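# Fold and geometry: a report
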Amino acid sequence: MPTYILFMGAPGAGKGTQAQILREEFGLPQVASGDLFRDNLKRMTPLGQHARTFMDKGELVPDDVTIDMIRQRLREADAAQGAVLDGFPRTIAQAEGLDKLLAEFGGKVNVALYLNVRESVLLERLSGRWVCRGPQQHTYHLVFNPPKAPGQCDVCGAELYQREDDQAEVQARRIKVFMEQTAPLIKFYTGRGQLIRIDGEQPVARVTAEMRAAVQNALSQ
Ligand code: AMP
């Protein structure tokens, strides 16, 4: 039976950072809806152009389009044993869509990890965030995790850039959208006994250790 692990948290909570560290460990591909949209945007596909109108404003891309994109991605061969879903689902409708989708693959959500971070800390993190243009999109923070050479990724040497939707007004909107549309999922997965809440303000290594333990525990059941 395939395994599906959800990474949930507001923008800036550290989902991407943790997914990068843990991605090798679970032997599952990381499927990040935001990365898939950005990739479509870069390739100028119709999906990317459609998504852009929402992304630029910090709004969510409509559910049907998002669910279809995830369905296609999960059908790819590397996801046959499951996936780590990062940034999806983000609405109750997406979570319900995901249940149907995973049933098609004979699986279900095994565990939903929620990284809890206060809003003031999220804003601080997002405003200093720089991302590398390399395929792995390593992330840095000007103050908390600066690169060794300015503007260059320590790992792959690629150029660093600031995401367009990390601008101040869009950041605030993304966090508000999270509170309104995504936070209800915390209750949804708690009610099903699948949610593990992790304090995302702890040091990165501590967060990783707690996430690892939660996943191991969920998979052993
Ligand atoms: P992220 O990289 O996860 O912060 O996502 C960047 C942007 O992509 C979001 O602000 C949304 O516009 C869009 N997006 C990513 N994931 C989803 C999703 N599950 N549902 C709708 N829109 C999404």
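Conventions adopted
- Residues numbered from 1 in each chain as written.
- Predicted model: local features only at pLDDT ≥ 70, side-chain atom pairs only at ≥ 80, totals over all residues.
- Heavy atoms only, no water.
- Helix = DSSP H or I, 4+ residues; strand = E, 2+ residues; numbered from the N terminus.
- Polar contact = N/O pair within 3.5 Å; in protein donor to acceptor, adjacent residues only side chain to side chain.
- Contact = heavy atoms within 4.5 Å.
- Buried < 20%, exposed > 50% of the residue type's maximum accessible area, 1.4 Å probe, protein only.
- Arc of directions from axis to C-beta.
- Pairing = 2+ DSSP bridges.
- Axes fitted to C-alpha atoms, helices over the stretch in contact; angles between N-to-C directions.
- Parallel < 35°, antiparallel > 145°, perpendicular 65-115°, else oblique.
- Left-handed = near helix turned anticlockwise from the far one by under 90°.
- Nonpolar A, V, L, I, M, F, W, Y, C, P; charged D, E, K, R; others polar.

This part is about the side chain of R38. Take R38: it is sitting in helix 2 (residues 33-42). Here the side chain of R38 touches D35 through a polar contact of 2.8 Å, side chain to side chain. Contacts of R38, omitting those with residues within four sequence positions, involve M55, Q137, Y161 and R163.

Attention now moves to unusual backbone geometry. Geometrically, the link from F88 to P89 is a cis peptide bond, its omega value of 0° lying close to zero. Looking at the element boundaries, P89 is found in the loop between strand 3 (82-86) and helix 5 (92-104). A positive phi is found at M44, a non-glycine position, where the angle reads about 55°. As for its position among the elements, M44 is in the loop between helix 2 and helix 3 (46-55). On the basis of relative accessibility, which here comes to 54%, the residue M44 falls in the exposed class. Not every positive phi belongs to a glycine, and Q137 is a case in point at roughly 50°. Residue placement: Q137 occurs in the loop between strand 5 (129-132) and strand 6 (139-141).

On to helix 1 (residues 15-22). Among all positions of helix 1, only K15, Q18, A19 and L22 are buried. Along the axis of helix 1, the buried residues cluster in a sector spanning 105°; they form a single face. Buried residues along helix 1 sit against strand 1 (3-9), strand 2 (30-32), strand 3, strand 4 (109-116) and helix 9 (204-219).

On to the pairing of strand 5, then. Here strand 5 pairs with strand 6 via three bridges, running antiparallel. When the sheet's bridge partners are listed, R129 is paired in strand 6 with H141. Between strand 5 and strand 6, which pair antiparallel in sequence order, lie six residues; one of them, Q137, sits at a positive phi of approximately 50°. For strand 5 and strand 7 (residues 160-161), the ladder comprises two bridges, and the chain directions are antiparallel. In the strand pairing of strand 7, V131 is matched with Y161.

The axes of two packed helices give the description: the angle between them and the distance between them. Between helix 4 (residues 63-74) and helix 5, whose axes approach to 10 Å, the crossing angle comes to 30°. Taken together, the axes of helix 4 and helix 5 lie roughly parallel to each other. Between helix 4 and helix 5 lies a crossing of right-handed hand. Contacts between helix 4 and helix 5 involve D63, T66, I67, I70, R71 and L74 from the first element and A93, Q94, G97, L101, L102 and E104 from the second. Its residues assigned to classes, the contact of helix 4 with helix 5 shows six nonpolar, three polar and three charged.

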